[in-house]
Amino acid sequence: MTTKGSLIEQSEKPVRHILALSGGKDSSALAVYMRGKIPNVEYVFCDTEKELDETYEYLLKLEAFLGKKIHHLKYSSGYGFDEILKIKNGFLPSPKSRWCTEVLKLKPYEDYMGDDPVVSYVGIRADELHRMGYITANPNVKTLFPFKDNNIRREDVMRILKDAGLGLPLYYEWRSRSGCYFCFFQQKREWVGLLENHPNLFEKAKAYEKFDKLTGERYTWNQGESLEELAHPDRIVQIKADFEKRAARARVAFKGNQKLKDVWEDEDCEEDFEISCSLCHL
Ligand code: SF4
């Protein structure tokens, strides 16, 4: 691990080492894996205040394991998700218009780094070569990918978390990624998971959706289907059946060795997910 030759090497200010946690398994495993290897490491979590309770609980466990504080970074502008949504006339974020990530994840992280020279550690794994992670144009920031560099793959991440006694965050039982409870990257089966595990949050997510009778405009988290439609009992049966079909296909393809995540990854919106950033989902 070296910063030699980079712009930050020439800086007169001391170099800061920052590992951003998303509340997901990969960044958490990276923190465990790198424990004791990074000088004066700072752990941060960009808190949108719309995260799942399971995420906050897991971060507390991780903090205890690491023996070091995880700084929760919040929007500094005074405008959180709800305030910005109002300014945007109820225009919900989507994979093609991700103002939430920019305002609630990227900006607080960049403000926290300021213009200090920073080495930023990202938990993209060796088996995810197609993913880019957090990328910044800031020449003071050098990004390192220790998992890629050390051939750490998905099964290694699982082992690292198991050996640390942390296991996975509990939301992995019904959802495949960290992030806000209403994240539009969720797949249909995960929305059903939210409904079944956090009915109050599902209702809150539903309340964000609007139908403008004058213009006919619909503001929904999913294209073409509102959460009210998705929550219809017949639709839930269909979503679960579709998911089971994919799981069965994946079992054949993976010769019985398939994991839940392989099934999630079979869905159509995976391409959109790949442009999502590590601050939300790693
Ligand atoms: S987790 Fe999803 S909803 Fe939350 S900031 Fe990231 S992309 Fe936006």
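From a predicted model like this one, the values you see are computed outputs, not experimental measurements.

## Here's the deal with the overall build of the protein
When helices and strands are tallied, the protein shows 13 helices and seven strands. Here the protein holds 282 residues, and 52% of them are scored as buried. A separation of at least 24 residues holds for 67% of the contacts in the protein among residues at least 6 apart in sequence. Of the accessible surface of the protein, which amounts to about 14,100 Å², a share of 52% is contributed by carbon and sulfur atoms.

## Side note on the environment of Val118
Summarising the element assignment, Val118 is placed in strand S4 (residues 118-121). For Val118, a relative accessible area of 0% puts it in the buried group. When the C-alpha positions of Val118 and Ile8 are compared, they lie 7.1 Å apart, and in sequence the two are 110 residues distant. Apart from the residues within four sequence positions on either side, Val118 is in contact with Ile8, Arg16, Ile18, Met113, Asn140, Val141 and Lys142.

## Points about the sheet that holds strand S1 (residues 16-21)
Reading across from one edge, S3-S2-S1-S4-S5 is the order of the five strands in this open sheet, with parallel pairing throughout. Looking along the sheet, the strands with just one partner apiece sit at the ends: strand S3 (70-73) and strand S5 (141-144). Each neighbouring strand pair of the sheet contributes to a mean axis angle of 30°, computed without reference to strand direction. Along the sheet, helix H1 (residues 25-33) contacts S1, strand S2 (41-46) and S4; its crossing angle with S1, the most-contacted strand, is approximately 140°. Sheet strands in contact with helix H4 (residues 99-113) are S1, S2, S3, S4 and S5, and its direction is about 150° off that of S2.

## A word on the packing of helix H7 (residues 188-197) against helix H10 (residues 233-253)
Axis separation between H7 and H10 bottoms out at 9 Å; the angle between their running directions is 125°. Classified by the angle their axes make, H7 and H10 are oblique. Where H7 crosses over H10, the handedness of that crossing is left-handed. On the side of H7, the interface is formed by Lys188, Arg189, Val192, Leu195 and Glu196, while H10 contributes Arg235, Ile236, Ile239, Lys240 and Phe243. Across the contact of H7 with H10, the residue classes break down as five nonpolar, no polar and five charged.

## Side note on the pairing of S1
Counting buried residues along S1, six of its six residues qualify, which places the element largely inside the surrounding structure. Pairing geometry for S1 and S4, over four bridges, is parallel. The partner of Leu19 across the bridge, within S4, is Tyr121. When S1 meets S2, the two strands line up parallel, connected through five bridges. Pairing of Leu19 across the sheet is with Tyr43, part of S2. A crossover links S1 with its parallel partner S2, the connecting element being H1, and its sense is right-handed.

## So, the packing of aromatic side chains
Counted according to the given criterion, the structure contains 14 aromatic pairs. Summarising the aromatic geometry, the rings of Tyr33 and Phe147 are spaced 5.5 Å apart at their centres and angled 65° between planes, so their arrangement reads as edge-to-face. Note that Tyr33 is positioned in helix H1 and Phe147 in helix H5 (residues 146-149), a separation of 114 residues in sequence. Taking relative accessible area as the criterion, Phe147 reaches 0% and is therefore assigned buried. With a centroid separation of 6.3 Å and 25° between ring planes, the pair formed by Phe81 and Trp221 is classed as stacked.

## Side note on helix H6 (residues 154-163)
Buried within H6 are the following residues: Arg154, Asp156, Val157, Ile160 and Leu161. Projection of H6 onto a plane perpendicular to its axis shows the buried side chains occupying an angular sector of 160°, all on one side. Opposite the buried face of H6, by more than 90 degrees, sit the exposed residues Glu155, Lys162 and Asp163. In the stretch just after H6, Gly165 is the one whose phi turns positive, near 80°.

Thresholds, definitions, all that
Residue positions are given per chain, counting from 1 as you read along its sequence in written order. For a predicted model such as this one, the threshold for reporting local features is a pLDDT of at least 70, and the threshold for listing and counting side-chain atom pairs is 80 or more; totals across whole chains, interfaces and linings nevertheless cover every residue. Water and hydrogen atoms play no part in the side-chain values, which are based on all heavy atoms of the structure. Only DSSP runs of H or I covering at least 4 residues are called helices, and only runs of E covering at least 2 are called strands; the numbering of each starts at the N terminus. Categorising residues by exposure relies on relative accessible area from a 1.4 Å probe, with only protein chains included: less than 20% of the type maximum marks a residue as buried, more than 50% marks it as exposed, and the intermediate range marks it as partly exposed. Should any heavy atoms of two residues lie within 4.5 Å, those residues are counted as being in contact. All accessible-area figures derive from a Shrake-Rupley calculation using a 1.4 Å probe, and residue coverage is judged against the displayed protein chains alone. A pair of strands is labelled paired if DSSP reports no fewer than 2 bridges between them. Here an axis means a line fitted to C-alpha atoms, over the contact stretch when the element is a helix, while the angle between two N-to-C directions is reported on a 0 to 180 degree scale. What sets the label is the angle itself: under 35 degrees gives roughly parallel, over 145 gives roughly antiparallel, 65 to 115 gives roughly perpendicular, and the rest give oblique. Should the near helix be turned counterclockwise from the far one by less than a right angle, the crossing is left-handed, whereas a clockwise turn marks it as right-handed. Three classes are used, and their members are as follows: Ala, Val, Leu, Ile, Met, Phe, Trp, Tyr, Cys and Pro are nonpolar, Asp, Glu, Lys and Arg are charged, and the others, Gly among them, are polar. When the strands point away from the viewer, a crossover counts as right-handed if the route from the first strand across the helix to the second turns clockwise. Two rings belonging to Phe, Tyr or Trp (six-membered ring only in the last case) form a pair when the distance between their centres is within 6.5 Å. Interplanar angles under 30 degrees mark stacking, angles over 60 mark edge-to-face geometry, and anything in between is tilted. Think of the arc as the fan of directions from the helix axis to the C-beta atoms.

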